[in-house]
Amino acid sequence: MHSESIRIHEIAMELYDQPGLETNFEFEIKHKEILERFGRYPHRNKALGRPSTAEEIEFLKQPGSGF
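In this report, the structure presented in the accompanying data block is examined. (Residues numbered from 1 in each chain as written. Predicted model: local features only at pLDDT ≥ 70, side-chain atom pairs only at ≥ 80, totals over all residues. Heavy atoms only, no water.)

The next subject is the overall build of the protein. What the protein contains, in helices and strands, is 4 helices and 0 strands. For the protein, the α and β elements follow one another from N to C terminus as α-α-α-α. Seen along its three principal axes, the alpha-carbon backbone of the protein occupies a region of about 40 × 25 × 20 Å. Out of the 67 residues belonging to the protein, those deemed buried represent 25%. Long-range pairs, those at least 24 residues apart, make up 35% of the contacts in the protein with a sequence separation of at least 6. Surface accessibility of the protein: about 4600 Å² in total, with carbon and sulfur atoms responsible for 55%. Charge centroids of the protein, computed over 9 positive and 12 negative side chains, lie 9 Å from each other. (Helix = DSSP H or I, 4+ residues; strand = E, 2+ residues; numbered from the N terminus. Buried < 20%, exposed > 50% of the residue type's maximum accessible area, 1.4 Å probe, protein only. Contact = heavy atoms within 4.5 Å. Areas by Shrake-Rupley, 256 points an atom, 1.4 Å probe, with all protein chains shown as cover. Lys, Arg positive; Asp, Glu negative; His and termini not counted. Charge placed at Lys NZ, Arg CZ, Asp CG, Glu CD.)

Per the counting criterion, the structure on display carries 1 aromatic pair. Measuring from ring centre to ring centre gives 5.1 Å for F38 and F59, while their planes differ by 55 degrees; the resulting arrangement is tilted. Residue F38 is found in helix α2 (residues 22–38), and its partner F59 is found in helix α4 (residues 54–61); the two are separated by 21 residues along the sequence. With respect to burial, F38 and F59 carry one shared label: buried. The ring of F27 has K30 lying over it, and the distance from NZ or CZ to the ring centre is 5.6 Å. (Phe/Tyr/Trp six-rings, centres within 6.5 Å; stacked < 30°, edge-to-face > 60°. Lys NZ or Arg CZ within 6 Å of the ring centre and 35° of its normal.)

Below, the discussion takes up the environment of I6. Turning to its location among the elements, I6 is positioned in helix α1 (residues 6–16). Residues I6 and R50 lie 44 residues apart in sequence; the distance between their C-alpha atoms is 19 Å. Ignoring sequence-local partners within four residues, the contact set of I6 consists of L35 and E36.

A pair can form between side chains of opposite charge whenever their charged atoms are brought close. Scanning the model with the defined rule gives 7 salt bridges in all. Between R50 and E4 there is a salt bridge; the shortest N-O distance is 3.1 Å. Of the two residues, R50 is situated in the loop between α3 (45–48) and α4 and E4 in the segment before α1; the sequence distance between them amounts to 46 residues. The salt bridge partner of E56 is R40, with a shortest N-O separation of 2.7 Å. (Salt bridge = Lys/Arg side-chain N within 4 Å of Asp/Glu carboxyl O.)

This is the structure we're talking about:
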């Protein structure tokens, strides 16, 4: 779920789409949507020394962006 690899998330979607893992599946969907939108997790930019785009900065200001 925390990988920045879209391929890993494609696999995770299949693995989490199981009875009893509904909450995990919902979180996986949210993680994958962020990755599809930005190609990375903007939350990690500062820690990894990556510059944030204006769109990422605005995203991070939104309620719920940090889970």
